[in-house]
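Fold and contact review
Single-letter residue listing:
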Amino acid sequence: MELFIDPDDERSLTRQLYEQIRAAILSGQLGPGDRLMPSRAVAAELGIARSTVTDVYGSLAAEGYIEGRAGGGTVVSDEHGPCPQTPPPGALAPTPCSAALRRYDDDPQGQARFDLRPGRIDAQLFPAAIWRRCVLAGLGRAWAQYGEPAGSADLRAALARWLTGSRGITLVPEQIVVTAGTGHAIDLVARVLLSPGDVAGVEEPGYPPVRELLRSQGIKAVGVPVDGHGIVVDAIPADARLVYVTPSHQYPLGGVLSGQRRLQLLRWAGRHGAAIVEDDYDSEFRHTARPLEPLHRLDRDGRVIYVGSFSKILSPALRMGFLVAPMALVPALATVRQAIDWCPPLGTQEALTIFINEGHLGRHLRRMRAAYTPRFHCVHRELLDRLPAGYRPLPAQAGLHLAVTGPRSAAQADVCQNLLPHGVLIGSLRRTYQVPGSVAGFLVGFGALPTEQVAAAIDALATGLTALTGR
Ligand SMILES: Cc1ncc(COP(=O)(O)O)c(C=O)c1O
């Protein structure tokens, strides 16, 4: 540890040293068994008499903080673990706007046998050996530089080919900005298109992190109801400058934005001069019908910003995603990105480029679909068969979770917390609403649930619900 001597300090040198070492032991900065620098070395480094240091070590030893070791040296004694300390609150406080924000993964907390929260994926499916090879291969490339803020030309080209092949999107690589996931993409878009005080339309219920993100920028995120066909276009506020939608798999209810609504939404945006952010998460996991055309493909006048993520199809830990924007926005998006964190991590970009170009992404997706689609059907069937009366899974065709609605009883408010003792962690449906009212229900994620455990997990869920509702 670094020791300091202040010649202007009123305290003696001995006292200054003693208090620094004692504080380091009590705070845990020096732990039991950690070796102290020899007194001669400390004296030489600080330019003080060695006897000053030996006096300090003597006092600390007498009080049991340190001890001599057989064979020489002085170490922190075993009895002196750190005292639990509360850091001082400090003089600074977040603004009321940021203090009012709420983390999404804050409920319910705890350990459970079955983790059925949405947003989880199957860690066993991650192609670890292949990814390791791609990372190693990428290490050989240029390292002594910052990269292009919008992402490397190679990765943008690979993503453009991928999007054209998988989603039929017509684009040039220069329209792509590589991001650290969906939230980051929307953050960039909002910074470039909106000002504090502007209105944005978000689905109600919807994806809470995007809502909170917009609010953190001082934007009014107004909830727009969702029905069986997706967002209700007629209910979008006329002054909305941007509308955020999840057309392939509405989060959290699971519906698909109908073809007619897609066209209506595009027409609305054209009439009101607004932007549409199309979050195409989960479009890769269609379990039944064929996917509909992305809004981006139907867009004739450049109003749609398409956002994609590798969190579900590869790993949320990579923090990799992208957006596809009209060309006119890309320079501003790249400049804002540079101002924030300059560029996407070069190593991950290189690895992902190799992963896509060598065809691993396509193969990996086929393997994921082969695992998740039977699991989706199995969970859906078990829910239909096992849930107590009053509970019903909503129709769904895609994704890695299902929404369940339930009876509007008082117990519903805490259903997630109350199922914990039954060994089940589920997602809250109420939390996805800005104004939950009497909403009752929950989300069942199956990404991290091995297919062979589906029956046991839904059984535990059904048993817990029956106990809660007394049916
Ligand atoms: C609606 C929605 N969009 C996007 C994502 C992916 O977010 P990110 O790319 O920030 O990990 C998720 C993850 O669960 C999601 O639910």
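Not measured: the values here are computed from a predicted model.

This part takes up the overall build of the chain. Counting its secondary structure elements, the chain contains 15 helices and 16 strands. Principal axes of the C-alpha set define a box for the chain whose edges measure 85 × 60 × 45 Å. For the chain, with 471 residues in total, the buried portion stands at 49%. Sequence separation of at least 24 residues holds for 72% of the intrachain contacts in the chain that already meet a minimum separation of 6. In the form shown here, the chain has an accessible surface area of approximately 21700 Å², with 54% of it arising from carbon and sulfur atoms.

For the rest of this paragraph, the subject is the UniProt feature "domain: HTH gntR-type" (unreviewed entry) in the chain. Mapped onto the present numbering, the UniProt feature "domain: HTH gntR-type" (unreviewed entry) falls at residues 11-79. Strand forms 12% of residues 11-79 and helix 52%; the C-alpha atoms that close the span are 28 Å apart.

As a further point, take the environment of Ser-309. Checked against the element boundaries, Ser-309 lands in strand β11 (residues 304-309). Spatially, the C-alpha atoms of Ser-309 and Gly-183 are 9.5 Å apart, while their sequence positions differ by 126 residues. Apart from residues no more than four positions distant in its own chain, Ser-309 is found in contact with Thr-182, Met-320, Gly-321 and Phe-322. A distance of 2.9 Å separates a polar atom in the side chain of Ser-309 from the backbone nitrogen of Ser-311.

This part is about the pairing of strand β10 (residues 275-279). Within β10, 5 of the 5 residues are buried, leaving the element largely enclosed by the surrounding structure. Because side chains alternate across β10, one face comprises the buried residues Ala-275, Val-277 and Asp-279, and the other comprises Ile-276 and Glu-278, equally buried. Strand direction decides the pairing type here: strand β9 (residues 240-245) and β10, joined by 4 bridges, are parallel. In the sheet register, Val-243 faces β10, and the bridge partner there is Ile-276. Handedness of the crossover is the feature at issue here: the chain leaves β9, passes through helix α9 (residues 259-272), returns alongside β10, and the resulting connection is right-handed.

Here we have 8 strands laid out as an open sheet, ordered β5-β12-β11-β10-β9-β6-β7-β8, and mixed in their pairing. Taken across any chain shown, the strands that pair with only one partner, and hence form the sheet edges, are β5 (176-179) and β8 (230-231).

Where helix α6 (residues 153-167) contacts helix α12 (residues 346-357), the two axes come as close as 9 Å, and the packing angle between them is 35°. Between α6 and α12 lies a crossing of left-handed hand. Contacts from Asp-154, Leu-155, Ala-158, Leu-159, Arg-161 and Trp-162 of α6 reach α12 at Gln-349, Leu-352, Thr-353, Ile-356 and Asn-357. For the contact of α6 with α12, the per-class residue count stands at 6 nonpolar, 3 polar and 2 charged.

Criteria and thresholds
- Residues numbered from 1 in each chain as written.
- Predicted model: local features only at pLDDT ≥ 70, side-chain atom pairs only at ≥ 80, totals over all residues.
- Heavy atoms only, no water.
- Helix = DSSP H or I, 4+ residues; strand = E, 2+ residues; numbered from the N terminus.
- Buried < 20%, exposed > 50% of the residue type's maximum accessible area, 1.4 Å probe, protein only.
- Contact = heavy atoms within 4.5 Å.
- Areas by Shrake-Rupley, 256 points an atom, 1.4 Å probe, with all protein chains shown as cover.
- UniProt positions renumbered as here; feature names shortened; annotations may be inferred.
- Polar contact = N/O pair within 3.5 Å; in protein donor to acceptor, adjacent residues only side chain to side chain.
- Pairing = 2+ DSSP bridges.
- Right-handed = clockwise from strand over helix to strand, strands pointing away.
- Axes fitted to C-alpha atoms, helices over the stretch in contact; angles between N-to-C directions.
- Left-handed = near helix turned anticlockwise from the far one by under 90°.
- Nonpolar A, V, L, I, M, F, W, Y, C, P; charged D, E, K, R; others polar.

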